[in-house]
Amino acid sequence: MRADLNQYSVEDVCEGFVYNELEGRGLYGLAGQLVIQPEYQRNYIYNDGKRDVAVIDSLLKGYPIGLIYFVDNGQQFEVLDGQQRITSVGRFVTGKFAILRNGKEQVFSSLPPEERKLITDSELLVYVCTGTESEIKEWFQTINIAGVPLKPQELLNAIYSGPFVTAAKAEFSNSSNALQQKWSAYVKGDPKRQEVLADALGWVAASKGQAVDAYMAAHRVDTGIAELKTYFTTVIDWIDSVFTASPDKLMRGLAWGRLYEAYHYQSYSAAQLNADLQRLLGDPAVKSRKGIYEYLLGGQQDTTLLDVRIFDDTIKRQAYQQQTTKAQVAGTSNCPLCAHGHNANQTRTYALNEMEADHVSAWSRGGSTSLNNCEMLCVTHNRSKGNN
Ligand SMILES: [Zn+2]
């Protein structure tokens, strides 16, 4: 791969600038010669009124806005790095946003002529790279230059760019897709940063025992995304059918693909599940509330998912004292299970730090985490009791 350093004025780069508002990306510049946002690039994310404005402020102050990289593909240039900056400049010059100058909102056309000239005459430093597609993409993966670091899925999209990624992004990375709102109840992350696509791919790939990159490689030249879309929709519909109450924010970002694989063959009573869900959501003893969903799907067996609050030290000490006093009067061990045993521990008095607190009536069967439900057991007996 070679890289030649060139200079282009903002005026040249912005000639024929086209911005697609719907897809949120800059399309062309340099009078049609430059593809600003090739498919393998992430969407435009500088339109936040801060980073886009900062680019224009830099130009007005005469500051450089950093190196830009184009790829010469033999027919056109593609922006390899710098598309956020170029899109910001292009959007400003074409009147898409305003900046604050001396306390007043100004769009490009309302700026004084000398300031407009300052912007359009600014020179951009551009490396134009030539090489094979794989050389360039490998390099793109390593540079990850200035600005916002790429998300893992953005990198994968670059590496496996092609018709499959294009179709998948049209479905999952488009924030104006009406389904995004429904999905956002269960999937966490920004569609524009490819985080919804990352989940969709992660789920379908895992269901086939594949890694995401292997799945993307296998489907790279597919023109459709039927399998990906069907699987994702199936998981979402399954969540909706099992948990019928309006989604709690705890549901966002759970490992739904894995949960679907593990539990979708089981049948549940939606009404019972919802009643149990509401009870657990309101139970102060549940420390890990995110674990409630998997706990319910798994038939309320694995209390470790809930990280149930244990007895605090005051309660343990009180229970220990009550038990030990009673045991000494009776001449037995202060561990009630040892006291009923038939070995030397039958009369052993354990120290507080040799004992652990146990729910007399198990928490999972409604027992409370209070003094009257607390029993101190020796470590051996407590650990052999299991689920409480
Ligand atoms: Zn014991």
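Above this text is the structure in question.
All chains use their own residue numbering, which begins from 1 and follows the written sequence. Since the coordinates come from a predicted model, pLDDT governs what is reported: local features require at least 70, and pairs of side-chain atoms require 80 or more to be given and counted, while whole-chain, interface and lining totals use all residues. The side-chain figures draw on all heavy atoms in the structure; neither hydrogens nor water molecules are used.

A. Expanded view of the overall build of the protein chain. Broken down by element type, the protein chain carries 17 helices and 11 strands. Counting only C-alpha atoms and orienting by the principal axes, one finds that the protein chain spans roughly 100 × 50 × 40 Å. Buried, partly exposed and exposed residues are distinguished by accessible area as a fraction of the type maximum, computed with a 1.4 Å probe on protein chains only: under 20%, between the cut-offs, and over 50%, respectively. With 388 residues in all, the protein chain has 44% of them scored as buried. Excluding contacts between residues fewer than 6 apart, the proportion of contacts in the protein chain whose partners are at least 24 apart in sequence is 63%. Here the protein chain has roughly 19400 Å² of accessible surface; of this, 51% comes from carbon and sulfur atoms. Only four residue types enter the charge count: Lys and Arg as positive, Asp and Glu as negative, with His and the chain ends excluded. Just so you know, the charge point we use is NZ for Lys, CZ for Arg, CG for Asp and CD for Glu. When the 38 positive and 44 negative side-chain charges of the protein chain are each reduced to one mean point, those points stand 7 Å apart. Numbering of helices and strands runs from the N terminus, with a helix taken as a DSSP run of H or I at least four residues long and a strand as a DSSP run of E at least two residues long. The contact rule is simple, with two residues in contact once any of their heavy atoms fall within 4.5 Å. The accessible surface values rely on the Shrake-Rupley method and a 1.4 Å probe; as for residues, cover is taken only from the protein chains in view.

B. Focus on the pattern of salt bridges. When a carboxyl oxygen of Asp or Glu is within 4 Å of a side-chain nitrogen of Lys or Arg, the pair counts as a salt bridge. According to the stated counting rule, one finds 15 salt bridges in the structure shown. Here Asp-81 and Arg-85 are joined by a salt bridge, their closest N and O atoms 3.1 Å apart. We note that Asp-81, like Arg-85, is buried. Among the ionic contacts, a cluster of salt bridges with common partners joins Lys-182, Asp-237 and Asp-240.

C. Seen up close, the coordination of the zinc ion. Only N, O and S atoms count as donors, using a 2.8 Å cut-off from the metal and 3.2 Å for Na, K and Ca, and because water is excluded some sites may appear unfinished. Every protein donor of the zinc ion is accounted for by Cys-335 (SG), Cys-338 (SG), Cys-378 (SG) and His-381 (ND1), and the metal-donor separations fall at 2.1 to 2.3 Å. Every geometry call rests on angle ranges, with four donors termed tetrahedral when all angles are between 85 and 135 degrees, four termed square planar and six termed octahedral when opposite donors are over 155 degrees apart and all others are between 65 and 115, and everything else termed irregular. Relative to the metal, the 4 donor atoms surrounding the zinc ion lie at angles of 100 to 114°, and the coordination shape comes out tetrahedral. Look at where the donors of the zinc ion fall in the sequence and you get C-x2-C-x39-C-x2-H. By relative accessible area, His-381 is classed as partly exposed at 24%.

D. The arrangement of the pairing of strand E9 (residues 123-130) in detail. Sheet analysis places strand E1 (residues 2-9) next to E9, joined by 8 bridges and oriented antiparallel. The partner of Ala-3 across the bridge, within E9, is Cys-129. Here, any two strands with at least 2 DSSP bridges between them count as paired.

E. Geometry of unusual backbone geometry. One non-glycine residue with positive phi stands out, namely Leu-30, at about 50°. By relative accessible area, Leu-30 is classed as buried at 13%. One non-glycine residue, Gln-194, lies in the positive phi region at around 70°. Looking at the secondary structure, you find Gln-194 in the loop between helix H8 (180-183) and helix H9 (195-207). The buried category is assigned to Gln-194, whose relative accessible area is 1%.

F. Spatial organisation of the sheet that holds strand E4 (residues 34-35). As summarised here, the arrangement of the 7 strands in space is E1-E9-E5-E6-E4-E3-E2, forming an open sheet in which the pairing is mixed. Edge positions in the open sheet fall to E1 and strand E2 (18-20), since each of these has one partner strand only. On top of the sheet, helix H3 (residues 83-93) reaches E2, strand E3 (25-29), E4, strand E5 (68-72) and strand E6 (77-81); it is set at about 115° to E6, its chief contact. Note on geometry: axes are lines fitted to C-alpha atoms, helical ones only across the stretch in contact, with angles between N-to-C directions running from 0 to 180 degrees.

G. Spatial organisation of the nonpolar core. Take the buried residues of types Ala, Val, Leu, Ile, Met, Phe, Trp, Tyr and Cys, join any two whose side-chain atoms come within 4.5 Å, and each joined set is a nonpolar core. Core analysis: the biggest nonpolar cluster contains 50 residues, and Phe-172, Leu-228, Phe-232, Trp-238, Phe-243, Trp-256 and Tyr-293 have the highest contact counts within it. Counting residues per element, the ones that place at least two in this core are helix H7 (163-172), H9, helix H10 (212-219), helix H11 (226-242), helix H12 (256-263), helix H13 (270-281) and helix H14 (292-297). Of the residues forming this core, the biggest block, 8 residues, is contributed by H11. Setting aside residues no more than four positions away along its own chain, Phe-232 makes contact with Phe-172, Trp-183, Val-187, Val-196, Ala-200 and Trp-203.

H. Broad picture of a negative patch on the surface. Negative charge collects at one region of the surface, where Glu-11, Asp-12, Glu-15 and Glu-123 lie side by side. As for its position among the elements, Asp-12 is in helix H1 (residues 10-13). Any residue with relative accessible area above 30% and no salt bridge may belong to a patch, with like charges joined within 9 Å and the nonpolar Val, Leu, Ile, Met, Phe, Trp and Tyr side chains within 5 Å.

I. Molecular detail of the packing of aromatic side chains. Two rings belonging to Phe, Tyr or Trp (six-membered ring only in the last case) form a pair when the distance between their centres is within 6.5 Å. Interplanar angles under 30 degrees mark stacking, angles over 60 mark edge-to-face geometry, and anything in between is tilted. For the structure shown, the criterion picks out 17 aromatic pairs. On the basis of an interplanar angle of 35° and a centroid distance of 5.8 Å, the ring pair of Phe-70 and Phe-77 is categorised as tilted. Between the aromatic rings of Tyr-295 and Trp-363, the centroid separation amounts to 6.5 Å while the plane-to-plane angle is 50°, which identifies the pairing as tilted. Residue Tyr-295 is located in helix H14, and its partner Trp-363 is located in the loop between strand E10 (355-359) and strand E11 (374-378); the two are separated by 68 residues in the primary sequence. Taken together, the ring pairs in this structure connect Phe-172, Trp-183, Trp-203 and Phe-232 into an aromatic cluster. Here Arg-91 stacks its cationic end above the ring of Tyr-19, 4.7 Å away from the centre of that ring. Whether a charge sits over a ring depends on NZ of Lys or CZ of Arg being within 6 Å of the ring centre and within 35 degrees of the ring normal.

J. Expanded view of the packing of helix H2 (residues 51-60) against H3. Where H2 meets H3, the axes come as close as 9 Å, and the angle between the chain directions of the two elements is 80°. Taken as axis vectors, H2 and H3 run roughly perpendicular relative to one another. In this structure, H2 contributes Asp-52, Val-55, Ile-56 and Leu-59 to the contact, and H3 contributes Arg-85, Ser-88, Val-89, Arg-91 and Phe-92. Any angle that falls under 35 degrees is termed roughly parallel, while one over 145 is termed roughly antiparallel, one within 65 to 115 roughly perpendicular, and all others oblique.

K. Structural context of H10. Along H10, the residues that are buried comprise Tyr-215, Met-216 and His-219. Looking straight down H10, one finds its buried side chains confined to an arc of 95°; they lie on one side. If you follow the buried residues of H10, they end up packed against helix H6 (152-159), H7, H9 and H11. This arc corresponds to the set of directions leading from the helix axis out to the C-beta atoms.

L. Quick peek at the packing of H6 against H10. At a minimum axis separation of 10 Å, H6 and H10 run at an interaxial angle of 30°. The orientation of H6 with respect to H10, classified from their angle, is roughly parallel. Pair H6 / H10 crosses with right-handed handedness. On the side of H6, the interface is formed by Gln-153, Leu-156 and Asn-157, while H10 contributes Val-212, Asp-213 and Met-216. When residues are grouped by polarity, Ala, Val, Leu, Ile, Met, Phe, Trp, Tyr, Cys and Pro land in nonpolar, Asp, Glu, Lys and Arg in charged, and all others, Gly among them, in polar. Here the contact of H6 with H10 is built from residues that sort into 3 nonpolar, 2 polar and 1 charged. Here a crossing is called left-handed whenever its near helix is offset anticlockwise from the far helix by less than a right angle, and right-handed whenever the offset is clockwise.

Keep in mind these values describe shape, not function.
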